Structures are given as C-alpha cells and as structure tokens.
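A structural walkthrough
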Amino acid sequence: HGRICQLAFLGQIVTRGGTHLPGDIDFDGHSFDSYPNGIAAIIGPDAIPALGLIQIIGVIGFLELFVMKDVTGEGEFPGDFRNGFLDFGWDIFDDRVKGVKRGIELNNGRAAMMG
C-alpha cells in the first residue's frame, strides 16, 4: 500500500500544480484538465462518469490479480515483484544496505499514507 500511496501523493501534487495529460479523455472531447482534482474527480457535479470510474477500477483489479505477482517464486521479501527481470543494481548490495533501503522505502510509504 505504501507504493500506491506514494504514487497517489505524487499525482495529487502534479495535478494540483496544473500539470495534466494532453489531449482528450473520451471521444466526446472532454480534456483531462476539464475534471477537478482530488476527491471531487469521483464525487460531485463535475466528476468523471460512472463508466469511467468502473474502467479505472477494472484496470487496477486486473493489474492486482494478474500482473503484480511474484510469479517465479524468486522474491526476496514481500512486495518483491521483480520476477527475475528488473534489477536496477539491487543484487550488488549487501544485506545491510538492502535492509536500509527497504526501511527507507517503508518509511516513505508510511509518510505518503499520512498525506
């Protein structure tokens, strides 16, 4: 949940700062910046349509059930979804450095959950 909160917090900051995706969000010509930020995007008179919200939830559910898994069984710790593919230099660190980096990520996730 920490990683999701970090992404949500970053998305909140970016959109509140006025940066939105270019183009239209649907075939009716509504642009991404025509919808409000935060909870008002889901609840309220200018909220995204219900079918759009269902699509978002469906994609998240698909990713949760079929993509974000430890399919190879090689995960070193809970939440390790590298599946033998992504490394970014993780394997060169010793156990002490790995523990420190995991602690930093956990604390950043906790901070993001607090908002």
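Please refer to the structure higher up on the page.
Residues numbered from 1 in each chain as written. Predicted model: local features only at pLDDT ≥ 70, side-chain atom pairs only at ≥ 80, totals over all residues. Heavy atoms only, no water.

Observations concerning the overall build of the protein chain
Looking only at helices and strands, the protein chain has three helices and zero strands in total. When the helices and strands of the protein chain are placed in sequence order, the string is α-α-α. Since a compact globule built from 115 residues should have a radius of gyration of about 13 Å, the 18 Å found for the protein chain marks it as more spread out than a globular shape. In terms of principal-axis extent, the alpha carbons of the protein chain reach across some 50 × 30 × 25 Å. Within the protein chain, the fraction of its 115 residues that count as buried is 11%. For the protein chain, restricting intrachain contacts to residue pairs at least 6 apart in sequence, the fraction spanning at least 24 positions comes to 27%. About 9,100 Å² of surface is accessible on the protein chain, with carbon and sulfur atoms providing 65% of the total. (Helix = DSSP H or I, 4+ residues; strand = E, 2+ residues; numbered from the N terminus. Rg over C-alpha atoms; globule rule 2.2 N^0.38 Å. Buried < 20%, exposed > 50% of the residue type's maximum accessible area, 1.4 Å probe, protein only. Contact = heavy atoms within 4.5 Å. Areas by Shrake-Rupley, 256 points an atom, 1.4 Å probe, with all protein chains shown as cover.)

Some thoughts on the packing of aromatic side chains
Counting across every chain of the model gives two aromatic pairs. Ring geometry for phenylalanine 62 against phenylalanine 66: centres 5.4 Å apart, planes inclined by 45 degrees, an arrangement best described as tilted. Separated by four residues within a single helix, phenylalanine 62 and phenylalanine 66 lie in helix α2 (residues 50–67), roughly one turn from each other. Residue phenylalanine 62 is classed as partly exposed on the basis of its relative accessible area, which comes to 46%. Seen from their ring centres, tryptophan 90 and phenylalanine 93 are 6.2 Å apart, and the 85 degrees between their planes marks the pair as edge-to-face. Owing to a relative accessible area of 27%, phenylalanine 93 belongs among the partly exposed residues under this scheme. Positioned over the ring face of phenylalanine 93 is lysine 101, at 5.0 Å from the centre of the ring. (Phe/Tyr/Trp six-rings, centres within 6.5 Å; stacked < 30°, edge-to-face > 60°. Lys NZ or Arg CZ within 6 Å of the ring centre and 35° of its normal.)

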